[in-house]
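# Geometric and topological summary
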Amino acid sequence: MTLSGWVQKSRVLGGMTFVDLRDRYGLTQLAFNMETNAELCAAANQLGREYVIQVTGNVTERSSKNNQIPTGEIEIIVTALTVLSESETPPFLIESETDGNEELRLKYRYLDIRRPKLRDILITRAHIIRAVRSYLDGKDFIEVETPNLIKSTPEGARDFLVPSRLQHGSFYALPQSPQILKQLLMVAGMDRYYQVVKCFRDEDFRGDRQPEFTQIDCEMSFIHQEDIFETFGGMVQHVFKKILNYDLGELPRIKYDDAIRLYGSDKPDLRFDCPIVELNNHLPTSDFVVFNNALANGGLVAGLNAKGSANYTRKQLDELTEFVKVSHRGLGGLVNIRFNEDGTVKSSADKFYTEEQLRQIGAAFGAEKGDLILIAADKHSKVRKSLGDLRLELAKRNNWIDNSKWSVLWVVDFPLFEQDEESGDITFAHHPFCSPHPEDMIYFENDPLKVRAQTYDMVMNGNEILSGSIRIHQRDIQEKVFNNLGLTPEDRDKKFGFMLNAFRYGAPPHGGCAFGLDRMVMLMTGGETIRDVIAFPKTSGGRDLMMDAPTPVDGNQLKDLGIAIRE
Ligand code: ASP
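Position numbers for residues start from 1 in each chain and track the written sequence from start to end. Given that this is a predicted model, residues contribute local features only at a pLDDT of at least 70 and side-chain atom pairs are listed and counted only at 80 or more, while totals for whole chains, interfaces and linings are drawn from all residues. Working from all heavy atoms in the structure, the side-chain values ignore hydrogens and water.

## Focus on the overall build of the protein
From N to C terminus, the protein includes 15 helices and 22 strands. The classification of residues rests on relative accessible area computed with a 1.4 Å probe and restricted to protein chains. Under 20% of the type maximum is buried, over 50% is exposed, and intermediate values are partly exposed. By residue count, 47% of the 567 residues in the protein fall in the buried class. Throughout, a residue-residue contact means that at least one pair of heavy atoms, one from each residue, lies within 4.5 Å. Pairs at least 24 residues apart make up 66% of the contacts formed inside the protein by residues separated by at least 6 positions. For the protein, the accessible area works out to roughly 29,000 Å², and carbon and sulfur atoms hold 48% of it. One finds the centroid of the 67 positive side-chain charges in the protein at a distance of 1 Å from the centroid of its 82 negative side-chain charges. Helix numbering and strand numbering both begin at the N terminus, where a helix is a DSSP run of H or I of at least 4 residues and a strand a DSSP run of E of at least 2. Residue burial considers only the protein chains on display, and all accessible areas are found by Shrake-Rupley using a 1.4 Å probe. Just so you know, the count uses Lys and Arg for positive and Asp and Glu for negative, and it drops His and the chain ends. For charged residues, the charge sits on one atom: NZ in Lys, CZ in Arg, CG in Asp, CD in Glu.

Following this line, the structure appears as structure tokens:
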């Protein structure tokens, strides 16, 4: 047979030279024999790491087998060798476990992708996309491409702008998503649309984000929310079965309000339980000002039962307190109650509660011997957010998560509007085209924050991997939403006039969603960041280290565009 590939490593053993040849499909051992073919063996001894070679030879059974790799039982006794291309010594080890740090690997990404780990992720990514396409094609969805040079879209992030050479001072925006275009495809009668599509958001690089990322963007006409749950729940079930041979089963649903109340998050990880328990109606009377003040100010007293953690040391308890005190959580501290194994009950609020009262509080948590109760008191949002984070932290510390399990669920009934904590302004929670629940329209004028939207997310192991909604297709409701968002008629015409115009010509009821493909692939391949599943990602600071971008451009290019850079 003839094989081509890269030299991973070679070793000389007695009169034999063995070379591991790597290609996209794996490793194959090549054998050269000094006794039977000295010239060829000498040539093999000259091969360096990452040389590209082609060999012809005979496949034979190995005497010492390697059961770690699929080709471990055979080797190729080489009869002809051609060096197709030489290589300099690579800057890091091209193996699954490498000595190269991420910066170096991003700079030489083409070498990084030769590593089996990355290669396999990219292959799985392609298989996932193939499974998605075959599922959606089977359901009569049509893949339609939408343009990248468009007008600003409404996902609420900052746009990437592209200056127009032909109209100085005017700019295209790169799509934050094809949201408006897919809705116009519904007006156009396309009925079932999808697209594997790049989206662009110029956000601050907090957390695990990329300025450009891929969505599986979908939209359907003449449907209700249930059709979306069935179609796209079915899609993840299909993909999991095909790729991981895992049966997800029916996806549970949880209401947004319940998710926030019970898990302090709109993307709860339900691979473990540990819900937040609210104590406002369960607190015994006492002089404890921390709790009393929170209640007097309309706040919340609530806590978690860290099962089996009563033996946490002072230091561990302090760490948890610090965890909830950091500025973005901002709690004053945590009160603990320890239900010790020996049957005693101890608390950091011993001074204010009798043992009987502590046991009464513990009963609200179903506390048993060995349990540690952690309680917070403050504004509702702060307590919920902090306990939601603490819940995840406890799961990590106590190994509560079974990594062979998946938790994939729908979160439904999101609010239509949100209030900006600082300015008090009302903004949309998802985007301005989400349809309110008809029965909540009674709150629309006077209590808009109470209006629920027909908006849903899919959550996978505590990560949001899909968002979507039933859209507004009636002009009058769309105008009401714009009014509530404080958009003047001029604003709305300037931003969305083309869309509102289209809706004059017969808009079908429609709805859809978009999957974050990168995050879904990351979770399904066990990656730690979405950079691991993107062939050529940017750093967390938004740089492409391989191409060295962004960079200043030539003065003439700027002149063409009518742009001057201000020092
Ligand atoms: N365009 C939305 C997003 O990118 C998804 C949707 O509503 O379909 O989040």
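## Thoughts on the packing of aromatic side chains
Pairing of aromatic rings covers Phe, Tyr and Trp, the last counted by its six-membered ring, and requires centre-to-centre distances within 6.5 Å; plane angles under 30 degrees mean stacked, over 60 mean edge-to-face, and any other angle means tilted. Inspection of every chain in the model, using the stated rule, returns 18 aromatic pairs. With 6.1 Å between their ring centres and 80° between their planes, Phe288 and Tyr353 make a pair best called edge-to-face. Of this pair, Phe288 sits in the loop between β12 (277–278) and α8 (289–296) while Tyr353 sits in the loop between β15 (345–347) and α10 (355–364), placing them 65 residues apart in sequence. Each of the two residues, Phe288 as well as Tyr353, counts as buried.

## Concerning the pairing of strand β17 (residues 408–412)
With five of its five residues buried, β17 lies for the most part within the structure. Here β17 shows a buried face lined by Val408, Trp410 and Val412 and a second buried face lined by Leu409 and Val411. By definition, two strands form a pair when at least two bridges between them are found by DSSP. Summarising the sheet, strand β11 (residues 253–255) and β17 pair through three bridges and their orientation is parallel. Looking across to β17, one finds that Arg253 is bridged to Trp410. Pairing of β17 with strand β20 (residues 455–460) involves five bridges; the strand directions are antiparallel. Considered in β20, the bridge of Leu409 is made with Val459.

## So, the site of the ligand
Near the ligand, the surroundings consist of 14 residues, among which Glu155, Gln179, Lys182, Gln215 and Arg471 are the closest. In this structure, an oxygen atom belonging to the ligand sits 3.0 Å away from a side-chain N or O atom of His430. When the ligand sits alone it has 270 Å² of accessible area, and the protein chains cover 95% of it. Those elements giving two or more residues to the shell around the ligand turn out to be α5 (179–187), β21 (463–470) and β22 (510–516). Tallying contributions element by element places β22 first for the shell around the ligand, with three residues. Following the grouping adopted for this structure description, the nonpolar residues are Ala, Val, Leu, Ile, Met, Phe, Trp, Tyr, Cys and Pro, the charged ones are Asp, Glu, Lys and Arg, and the polar ones are all others, Gly among them. Residue classes in the shell around the ligand are distributed as two nonpolar, eight polar and four charged. Definition of nearness: a residue and a molecule or strand are near each other if at least one heavy atom of the residue lies within 4 Å of the molecule or strand. What qualifies as a polar contact is a pair of N or O atoms within 3.5 Å, subject to a donor-acceptor requirement within protein and to the restriction that residues adjacent in sequence count only when both atoms come from side chains.

## As for the sheet that holds strand β1 (residues 2–13)
If you walk around this closed barrel you meet the five strands as β1-β2-β3-β5-β4, and the pairing is mixed. Averaged over all pairs of adjacent strands, the angle between their axes in this sheet comes to 50°, without regard to strand direction. Structural elements are reduced to axes, namely lines fitted to C-alpha atoms, with helices fitted over the stretch in contact, and the angle between N-to-C directions of any two is expressed from 0 to 180 degrees. Packed on one face of the sheet, helix α1 (residues 38–45) meets β1, β2 (16–23), β3 (26–33) and β5 (74–85) and runs near 65° to β5.

## Examining helix α14 (residues 517–525)
Burial analysis of α14 places seven of its nine residues in the buried class, which makes it a mostly covered element. Among the residues of α14, Leu517, Asp518, Met520, Val521, Met522, Leu523 and Met524 are the ones counted as buried. Along its buried surface, α14 packs onto α4 (116–138), β10 (212–221), α6 (225–244), β20, β21 and β22. Looking one or two residues past α14, Gly526 carries a phi angle of roughly 70°, positive in sign.

## Here's the deal with the packing of helix α9 (residues 314–325) against helix α11 (residues 380–397)
Contact geometry of α9 with α11 gives a least axis separation of 10 Å together with a crossing angle of 145°. For the pair α9 and α11, the sense of crossing is right-handed. Contacts from Gln316, Glu319, Leu320, Phe323 and Val324 in α9 reach Ser386, Asp389, Leu390, Glu393, Leu394 and Arg397 in α11. Class assignment for the residues of the contact of α9 with α11 results in five nonpolar, two polar and four charged. Take the far helix as your reference; a near helix turned counterclockwise from it by less than a right angle gives a left-handed crossing, and one turned clockwise gives a right-handed crossing.

## Side note on α10
Restricting attention to buried positions, one finds in α10 the residues Gln357, Leu358, Ile361 and Gly362. Taken down its axis, α10 places every buried residue within 145° of arc, on the same side. Facing away from the buried surface of α10 by more than 90 degrees, the exposed residues are Glu356 and Ala363. Gly366 lies just past α10 and shows a positive phi near 65°. Along the arc lie the directions from the helix axis toward the C-beta atoms.

## Re the sheet that holds strand β14 (residues 335–339)
Either a parallel or an antiparallel arrangement is found when strands of a sheet pair, and the pairing is made through backbone hydrogen bonds. Read from one edge of the open sheet, five strands run β12-β13-β16-β14-β15, paired in antiparallel fashion. Pairing within the sheet leaves two strands with one partner each, and these edge strands are β12 and β15. Summarising the sheet, β14 and β15 pair through three bridges and their orientation is antiparallel. Residue Ile337 lies in a different strand from β15, and its bridge partner there is Ser347. Packed onto the sheet, α8 meets β13 (300–306), β14 and β16 (372–378) and runs at close to 45° relative to β16. Each of β12, β14, β15 and β16 touches α10; the most contacted strand, β14, lies at about 95° to it.

## Describing the pattern of salt bridges
Salt bridges are counted wherever a side-chain nitrogen of Lys or Arg sits within 4 Å of a carboxyl oxygen of Asp or Glu. Applying the stated criterion across every chain, the model contains 41 salt bridges. The residue Asp269 makes a salt bridge to Arg271 at a minimum N-O spacing of 2.6 Å. Here Arg452 ties to Asp440 by a salt bridge, and the two come within 2.7 Å at their closest N and O atoms. Taken together, the residues span a long stretch of sequence, with Arg452 in the loop between β19 (426–428) and β20 and Asp440 in the loop between β19 and β20 at a distance of 12 residues.

## Describing the side chain of Gln215
Along the polypeptide, Gln215 turns up in strand β10. Taking the relative accessible area as the measure of exposure, Gln215 reaches 9% and is therefore buried. If sequence neighbours within four positions are ignored, Gln215 has contacts with Ser177, Pro178, Gln195, Val196, Val197, Cys199, Arg201, Ala514, Phe515 and Leu517.

## Some details on the nonpolar core
Think of a nonpolar core as a cluster: buried Ala, Val, Leu, Ile, Met, Phe, Trp, Tyr and Cys residues, connected wherever their side-chain atoms sit within 4.5 Å. Counting 43 residues, the largest nonpolar core has Leu136, Phe232 and Phe515 as its most contacted members. Secondary-structure elements contributing two or more residues to this core are α4, β10, α6, β17, β20, β21, β22 and α14. Formed by 22 residues, the second largest nonpolar core is a distinct cluster that contains Leu320, Leu331, Leu374 and Leu390.

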